[in-house]
Every structure is written in C-alpha cells, then in structure tokens.
Protein chains: 2
Amino acid sequence: MLRSLKNLKTAPIQRQLARSTLAYQPVRTLATAVGSGRIGTHANEKSFFPDEPQQPQVKTAIPGPSSKEIMQRLNQYQDTRSVFYIADFAKSKGNYIVDADGNALLDLFAQIASIPIGYNSPAFLALTSSPAFQSALANRPALGVNPTKDWVDAVEQAFMSVAPKGMSNVFTAMCGSCANENAFKAAFMYQAGKRRGDKEFTMEELQSCMKNQAPGSPDMSVLSFAQGFHGRLFGSLTTTGSKAIHKVDIPAFDWPKAPFPQRKYPLEDNVEHNQKVEQQCLEETERLIKTWKSPVAAVVIEPVQSEGGDNHASPDFFRKLQQICIKNDVLFIVDEVQTGVGATGTFWAHEAWNLPTPPDMVTFSKKFQAAGFYGHPKLRPAQPYRLYNTWMGDPVRAMQAAAIVREVKDKDLLQNVSRVGEYLQKELKEISRKYGKIQDVRGQGTFIAFDLPTAQDRDSLIGEMRKNGVNIGGCGDRAIRLRPMLTFQMKHADIFLDTLEKSIAKA
Amino acid sequence: MLRSLKNLKTAPIQRQLARSTLAYQPVRTLATAVGSGRIGTHANEKSFFPDEPQQPQVKTAIPGPSSKEIMQRLNQYQDTRSVFYIADFAKSKGNYIVDADGNALLDLFAQIASIPIGYNSPAFLALTSSPAFQSALANRPALGVNPTKDWVDAVEQAFMSVAPKGMSNVFTAMCGSCANENAFKAAFMYQAGKRRGDKEFTMEELQSCMKNQAPGSPDMSVLSFAQGFHGRLFGSLTTTGSKAIHKVDIPAFDWPKAPFPQRKYPLEDNVEHNQKVEQQCLEETERLIKTWKSPVAAVVIEPVQSEGGDNHASPDFFRKLQQICIKNDVLFIVDEVQTGVGATGTFWAHEAWNLPTPPDMVTFSKKFQAAGFYGHPKLRPAQPYRLYNTWMGDPVRAMQAAAIVREVKDKDLLQNVSRVGEYLQKELKEISRKYGKIQDVRGQGTFIAFDLPTAQDRDSLIGEMRKNGVNIGGCGDRAIRLRPMLTFQMKHADIFLDTLEKSIAKA
C-alpha cells in the first residue's frame, strides 16, 4: 500500500502532466492493426448507434496537446491531477468518447460506470425540446415543499416502474453518498423510534442532541464490509473501506467492519473453499452485530464490491446475510449505486439473489443519473422534516432516469447486456488461459473484472490499452474493471478483446 | 420546544391534508382588496417580467382539490407531510408561483430561498436550445476524470467571475450539505498535512483508518455555532444546531458549539448590550478552540443564521472571529449556502464585513443552482483522489450559474435588491411600530426577517398571508424570513406590505 502511495505526493502540474502523458505514437487506426481475429465476426449485428465511430482512432499521445492546454488552464481553479484527458462530448457518440485532440476511444470506463445509454443518446437530447423538461430545468423545486404537477409522473416512470419487487417507496437525493447517508439516517430513526414506541422524545434527548451528546445523538452504528465503498462524506466514508488514501486524516465514527469473502477462482474448482470463507464471514458478521460496542442499526453491502476490487459473493451468501439481519433486528441495505441499472444483466443486481423478502433499502445513483433509495413506508420517520433537505432530488435528472427506463425496455438492453456479458466472460477466460497475466476473470453481465499480477502491471495495461484506443479503468489493488454502457455490443466486445490480446504482450 | 414537536407525531395523510388545508375562501383578486395604500405607488417601475401576473389571485383553499389529489397520489411513494401545495411551474412566472389549482401567489419563499432570477427565467429557458447545454445534459461527466472542453469556460463564467476577492480555487459539488462536508474534509487534510510536514503517512495511520480508528481516523473537530445550520448529512448535521428535530436519533461527532450573539433590537438603542454579547461569544469561541477535547481544524459560520431564526451579527464580530481563527491556526469557513448570490445586496454576504484577508473557504449552493466551495490552492491535499467523487459537480447546473451571473450583471440586480431591501426594511419598521405583533425587524438587502410573539402567531400569519395570495416562510422558533428572488421589485414589495398589514389583524 505504501508503495503505491509514494506516487501520490504533490508535484507541479507540469511534472504531473508529463508523467501522465503516454509516449507519443504515430497516428494509427487501431482496429485494423490488431490481429487476434475477432474483429469483423459480428459485422451483421444491428448497431444501436449507426453514426458512432466504427473503430477507435488515436492521433496523438493521450492526453494530447489540446487536452494538456485545457488542463493547464483548468488547473488554475481546480485540482486536475486525477484528470486523464479532456473530453469533447459534442463529438463523442454511443460507445466512443472523443477527446479534445480528436482521439476516439472505445469507452469501457464510461465516466466511472455512470453513462447508461451511450454518449449523446438521442433519448436524452430529445428531452431538451420537451416543454416539461424545460420547465423542470428553469424551475428547480424544493420537492419537499412544492413538487410540481409532473413530479409524480417522473417518480412513477423513472423509479416506481423499475422498483425492486416489494419496494413501494423512494426517497430521492443528489448523489450516491447522500443516497447512502439518508438511508443510514432512516435506519437510525427507525431503530430509535421502535425502541421509543408511542412515547414522545424526552427533554433530555432533545437537549443533548443540540450538544451532539447522547442520548439525543445516540451511539448507534452501521456495519459495513472490508473493501466496501459507500461514498466519501462523513457517514458514508466511515462505512467505506476500499482504500486508505480515501479515509486517512478524516474523522470517522467508531462503526464495525466485517470481512467480505475472498473467493478463489475458478469457482468450479474452489467450491468447498469458497463456501467455507463465506460461512466464516457470515459468522463474524453476526458476532460483530451481537457484540459491537454500539447497537448496529443496519448492515450495508454492495452486490459486487466495485471500488474495492470487484469482489463477488454467492447469492447464498447474501440470502444468509439477510437472514442474519432479520434475526438480529438489523436493517439490510443494499448499495446498488454502481451495480444498479442493468449492467449485471438484471435491472438490479440483487434480483439475482432470489431473496425470500425484499431488502429494507436499496440505494442508487450513477448510471441512473438520479440518486436516492427505495424502501418500505415503515421507514418514514414518525415526524415530518426529519428525512428532508432543500432540493430532495432533481427533476431534471429524474426525467433522464425515466428516459433510461424507456430505452432499456424499448431496446431490450438487459438482454443485450446478458448476451454480450456471456461472450466477454467466455473469451476473457480463454485469454486468461492463454496469458497467465490475466487472472481470476469474474463477472455478472458486462460487470466484469480480472486481476493483473501487480498494481504496476495493471496500470501499465490501462496505459497500453488507451494507446491502442480502448479506455478501461482499475479498481482495488490490481484489478481491471469493465464498465461498458448498456449499449455495448458484440462488435465492441471484439475490438476490446483483440486490443487486450495485443496490449498484454506490451504492457 | 416540546410543544411544537407534539404536532409532528405521525398521522394518516388524510388528516394531515385536512389540517394543513386553510379554510376555503371565495374567489378573490387580492391586491385590490387590501387597503394600506401602497399598491400602485410604484406603477411606473419597469418590470423584469412584463408577462408575470399583475397581482396574486386565490381561487381555492390552499392546498386546493387538485393539489390534494396529486399529493395523495404522490404519498403512495414519498412522504408528503411537508408539502404545502403542488406547483404548476409551467404556469408560474417571474415572482409568482402558480399552483395546481390555478392560484397565483407572490412568492417570497422561493423554494426555500433557492430561486434566483424568477420562475421560467428566459435566461434559463434559452439554455435548452444551446448545443453546449444539450451536450452537457446528455453526457454527464466524471469531472475529476474527463471534464469536457467547455467545463473550464463554465468554471470561469459561473464561479471565477464572481469569486470572493482573493479566492482563486473552486471545488464543485452537488448540494449545500456536501459542499460543507467537502470543505470540512479539506480542512482536516490541511491541518493533518501541516502537522505531518514532509513525512509520508505512517503504516499505523494507513492501517488504523481502515478500522475507523486513530491515528488514521483522527479525533479532530469543526467548531460551529448554536442555532447554526450547515446541512443534514453526518458531518454537516453535527455542525447544525438549529432545531432538535433535525438532529435527534442521528449519531453525531463530539464537536463543539459556541454561542452566537443574541442581539437586541432596535440596534441603535442597544449598542452597548450588543457589543457586550458579541464580545462574550468571541471569548467563549476562543476558549472552546483552546480547550476542546480534540483539535479544532476549522470554524464554520453563516453570515446570517438562516434556518436558526435569521440571527445577525456585526461586521466587527466576524472580523474579530477571523482574527481568532488566524491566531489559533484554525481555518475560517463561511457558509454562504443561503446568504450567497445577491440577496443581501452584495453577491456574497461576507463582502459587507471588509475582512482584511479572505476567508479560507466560502461554501455555496441554493440560489446558485450549482454547489461547492471557494478556497485557496493551499487547500488542495498533497495527494490526488482525496477530495474527489464520481461527478464532482454538475455542468448543467454550472451553466445555469453562469446564466445567473450574466443576469445579475445585465439587469443590475444587486442594485435592485439594495433599493427594494431598504424600502422593505423601512416600511416593515413602520408596520412594527404600528402593530406590536411584528417585532425585531432585521435584514441586509431583501434578506429580511421579523419575529411574531409566538410560534403559533407566526404559523397563523403564514397561513393568513397565503390565503391572501402571498407565500412566505418561517425560520427559528417564531420568525418569518423573507427570501424573495433577486427580481423582486418595488411593486411586489407594496403588495407584500399591504397584504401583511391586512393579515396581521386576522392572524
């Protein structure tokens, strides 16, 4: 861990830019140059975007001179050390991102897994000419006070039409972190309310909370899992455990972290071991719930630990975890901020678990453009104005969410994801057998990852892939995570796979 | 406090609706019916919105039958107990909000102080036909990874063109709570980094933070003020102290709260007393900074405590507070989420303090449509990815912020606010002398408040005003806060003032 942190020390922007710039390569049209033979085999596939680029094209180093110039200008006002390159979204289309230097990259990172239906989706562009959308933009409501007439339609079309089975309520928010934090607040109020029963707040509670003291500010906790990621604000960051650099120097609550199963791959060869580690994690989770120094109000977990390295567990693990929650009177919160909205092949990843009863809350953001959580009406606090803020969400983004739902249905995108995901996983396992460097291929739908032997190998492969016109991202210590859009097709998979084979040798 | 909380216990939606419904009054066009004689005296004033209603019009009880029907439908999915009525934003215009029943109210609450330049502002509507805006909407970037070419223009036009003097950096976020929480995080990292100097993180720090334990998760604090409001997420809610109902049952950090000056009015008759209470608060603040159980990394304060009752302090108080921060090596954060963007007569309320050196951070949201904080480049953490998240703000809302800045300049809206604010304050003081119920008129620009004798009197006046076609809001225990838009003119002030005089008698 320390080694990779060494690279993070501050440096003048010029040096940072120089370091992040990939060595310049002469102009090349890349798809034709790669030779593993998949490209072209799905030429008959009907394209979701007939006008997107046919293949990646890399003209300059990335970031190129125009990106660098804009980054320098932006760096006067904002920290640009994390910026890869400057996008030209006006020219980006479908599954391809075009940068300020005119390089067109096949994008399997998609703005950290948050582009749902392609760049410049006609479904999104059409919104701008709709009077209802224009009104939503020009009149940002305080939804808790004055929702507009159309809001209930947006709630039904965007959120309720795809609500997880058995979940009838939705609380809307602004981003993944605040979706999770509001879910935590709902859990705390629910547990405190249950203990209180029909009684009023005591004067001691009301006075002590104004001083941030118990009993008004109670010592309760949310249990999360090692390597989990739930956001970066103070409550959500406490439950996050993916990387030390996200947490160090920031005060945190004294809340527990349970171990998440570290499964061995391939799964079929490690059935017994994996069952055992899952069982151990469940036992430790229950032990923590029963013995932690403060009452555990809720458990929060991702269906796939994403930022933390794409760690999967079995449906059986999640079913048993829910049972532990029910048995111990702890709420079960599923964080679908990254897994939600189709990429695993079901609209919500937790659908694959076949739970006997719905989770208590399911949080969302990212690809849905809008954020919030689903829950049961029992989670409405007994008093109004407690789960509340000025905006309570954003109708503009909710109307986009409704457009996404329509596109997913109209274009049968879940079926597309399942089909392409299956192909990608099969081919990646083949590549893994061929090249030892690609390890532990794992995934659900197109939500796929694999490991490289070291962080350096991983970073080097990301760089080589970008030079070859394919944009991918990392996660965890040494994993590559694939986060294509729902519109990622077989022909794109072929370009990615051939480019990967070509890049492995060099990386 | 307990008394007002009794009303908050849960109740079926039907009863809630019935209770919040004002008694039905026959249709009336209200401006002509009020008789204090101001209406019409500013008839020659050039209107910012020639096509807005000329006067309020109330046709039904509020909420009326259409509002109630939509509220019932929405209540299946979302808690509607805080909803006053359903808006029809397509029909709202300028300073008037129209509801689902066709009632037109002169709006001095403006979506909890967050509408800047009128409903259906042509400046906002024009954006929707701009290709750059359409691209921003259809391609939501991860700004920390792939800002688009236009982003730097939006940063310059929206944020830097009105940056508080001496502040060259801006961190963009999603809402006021996360603006404040990111400012707190920046403060913690800055203070920890200063102590660390050139040293690397220790292994102990990196390992302990993953368990939410010191030294990696350090015991540091942010000092805030009693009655302050800084948001509702876990860190920001800890610094909030406006109402117990916002805080009770939610775990909080053990951070200190200093007293905020409780000034007596009228100011000119209480100079000595007010100086004395301000001095006492400053002394107690410094004592807390020096003796609190954890190091105080930053002080956060609102220029006017808004949610907490519109409590003002003198420029001298804020200058001395900054000096205390400087002397004790504590960062000075000014929370302008509600006061910013013009309503006090300057673009930022803290401009009125004439500070000798800029605050360390200034946070914003609400009327700016976009959220974030200004700061000094020294606050960039030594390592990247620490003040970071997926979206890092919203270009769509930043482009609206740029449009607001243009409107403020083109229409000289600060001058309008100053002129109308001065008139409102003068007339309100007159009304206060006439009717004892209106007490302690106070304000800067149109950011004005006054007290009623009790919470019940206040709530009753809000109800009576709404029946008479004017929408106002409360804050604190018994205050009315006026939060008109920047486009609120003399003729609107006349309608408000005459309606107030008419309503006081009945309330």
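About the thresholds
Residues numbered from 1 in each chain as written. Chains lettered and ligands numbered in written order. Predicted model: local features only at pLDDT ≥ 70, side-chain atom pairs only at ≥ 80, totals over all residues. Heavy atoms only, no water. UniProt positions renumbered as here; feature names shortened; annotations may be inferred. Contact = heavy atoms within 4.5 Å. Buried area = accessible area lost by both parts, 1.4 Å probe. Salt bridge = Lys/Arg side-chain N within 4 Å of Asp/Glu carboxyl O. Polar contact = N/O pair within 3.5 Å; in protein donor to acceptor, adjacent residues only side chain to side chain. Helix = DSSP H or I, 4+ residues; strand = E, 2+ residues; numbered from the N terminus. Pairing = 2+ DSSP bridges. Axes fitted to C-alpha atoms, helices over the stretch in contact; angles between N-to-C directions. Domains from an automatic or database assignment. Disulfide = S-S within 2.5 Å. Buried < 20%, exposed > 50% of the residue type's maximum accessible area, 1.4 Å probe, protein only. Phe/Tyr/Trp six-rings, centres within 6.5 Å; stacked < 30°, edge-to-face > 60°. Lys NZ or Arg CZ within 6 Å of the ring centre and 35° of its normal.

In the nomenclature of an unreviewed UniProt entry, chain A is known as 4-aminobutyrate aminotransferase of Mortierella isabellina. According to the UniProt record, the Sequence similarities (unreviewed entry) comment for chain A is "Belongs to the class-III pyridoxal-phosphate-dependent aminotransferase family."

A. Inspection of the interface of chain A and chain B at higher detail. Counting residues at the interface gives 131 residues for chain A and 131 residues for chain B. Contact with chain B buries surface across chain A, with Tyr77, Phe234 and Asp249 of chain A losing the most and accounting together for 6% of the total. For the interface between chain A and chain B, the tally reads twelve salt bridges. Among the salt bridges present, the one from Asp153 of chain B reaches Arg73 of chain A, with a minimum N-O distance of 2.7 Å. In this structure, the connection of chain A to chain B is made through 78 residue pairs in polar contact (both at pLDDT 80 or more). Sorting elements by how many residues they give to the side of chain A that touches chain B places helix H8 (residues 176-196) of chain A first, with nine residues.

B. Representation of the sheet that holds strand S8 (residues 296-301) of chain B in the model. All names here are of chain B. Read from one edge of the open sheet, seven strands run S5-S13-S12-S11-S8-S6-S7, paired in mixed fashion. Since the sheet does not close on itself, it has two edges, and those belong to strand S5 (169-173) and strand S7 (257-258), each with one partner. Sheet topology note: the S5/strand S13 (residues 371-375) ladder contains five bridges and is antiparallel. Along S13, the bridge assignment pairs Asn169 with Gly375. Contacts from helix H12 (residues 271-291) reach strand S6 (221-225), S7 and S8 within the one sheet, and its direction differs from that of S6 by about 165°.

C. How the structure looks around the sheet that holds strand S15 (residues 447-451) of chain B. Residues and elements named next belong to chain B. Taken together, four strands build an open sheet; the order of strands is S14-S15-S18-S17 and the sheet is antiparallel. Lying at the two open borders of the sheet, with one neighbouring strand each, are strand S14 (439-444) and strand S17 (473-475). In this sheet, neighbouring strand axes are inclined to one another by 30° on average, regardless of whether the strands run parallel or antiparallel. By the bridge criterion, four bridges tie S15 to strand S18 (residues 479-482) in an arrangement that is antiparallel. Within S18, the residue paired with Phe450 across the bridge is Ile480.

D. How the structure looks around the domain arrangement of chain A. Residue and element names in this part refer to chain A. Each assigned domain of chain A is listed with its residue range as follows: domain 1 (2-117 + 412-506) and domain 2 (139-195 + 219-409). Here domain 1 and domain 2 have C-alpha centroids that lie 28 Å from each other. Taken together, the contact between domain 1 and domain 2 spans 29 residues of the former and 26 residues of the latter. On the domain 1 side of the contact with domain 2, Leu414, Gln444 and Phe447 bury the most area, a combined 27% of that side's loss. Taken together, the connections running from domain 1 to domain 2 amount to 16 residue pairs in polar contact (both at pLDDT 80 or more). Mapped by element, the contributors of at least two residues to the side of domain 1 that touches domain 2 are helix H4 (110-113), helix H15 (413-434), strand S14 (439-444), strand S15 (447-451) and strand S18 (479-482).

E. A look at the side chain of Thr487 of chain B. Along the polypeptide, Thr487 of chain B turns up in the loop between S18 and helix H17 (490-506). Residues contacting Thr487 of chain B, with those up to four places away along its chain left out, are Phe48, Phe49, Asn95, Pro116, Ile117, Gly118, Leu413, Asn416 and His492 of chain B.

F. Representation of the state of the cysteines. On inspection of all chains with the given rule, the structure shows zero disulfides over all chains. Distance from the sulfur of Cys209 of chain A, which forms no disulfide, to the nearest cysteine sulfur (Cys475 of chain B) is 19 Å. With a relative accessible area of 0%, Cys209 of chain A lands in the buried category. Cys325 of chain A supplies the cysteine sulfur nearest to Cys281 of chain A, a cysteine that is in no disulfide, at a spacing of 14 Å. Of the residues examined, Cys281 of chain A reaches a relative accessible area of 5% and is grouped as buried.

G. Spotlight on the environment of Gly64 of chain A. Residues and elements named next belong to chain A. Structurally, Gly64 is set in the loop between strand S2 (57-58) and helix H3 (65-75). Residue classification places Gly64 among the buried positions, given a relative accessible area of 0%. Put simply, Gly64 and Tyr85 are 21 residues apart on the chain and 7.8 Å apart in space, counted from C-alpha to C-alpha.

H. Focus on the packing of aromatic side chains. Taken as a whole and judged by the stated rule, the model has 49 aromatic pairs over all chains. Ring centres 5.3 Å apart and planes at 80° place the aromatic pair Phe317 of chain A and Phe318 of chain A in the edge-to-face group. Comparing Phe317 of chain A with Phe318 of chain A shows no difference in burial state: the two are buried. Residues Phe260 of chain B and Phe317 of chain B carry aromatic rings whose centres are separated by 5.9 Å and whose planes lie at 70° to one another, so their mutual orientation is edge-to-face. One end of the pair, Phe260 of chain B, is in the loop between S7 and H12; the other, Phe317 of chain B, is in helix H13 (residues 315-327), and 57 residues separate them in sequence. We note that Phe260 of chain B, like Phe317 of chain B, is buried. Aromatic ring contacts, followed pair by pair, group Phe184, Phe188, Phe234, Phe253 and Trp255 of chain A together with Phe184, Phe188, Phe234, Phe253 and Trp255 of chain B into a single cluster. It is Lys293 of chain A that lies over the ring of Trp292 of chain A; its NZ or CZ is 4.8 Å from the centre. Looking at Arg483 of chain A, its charged tip hangs above the ring of Phe447 of chain A, at a distance of 3.6 Å from the centre.

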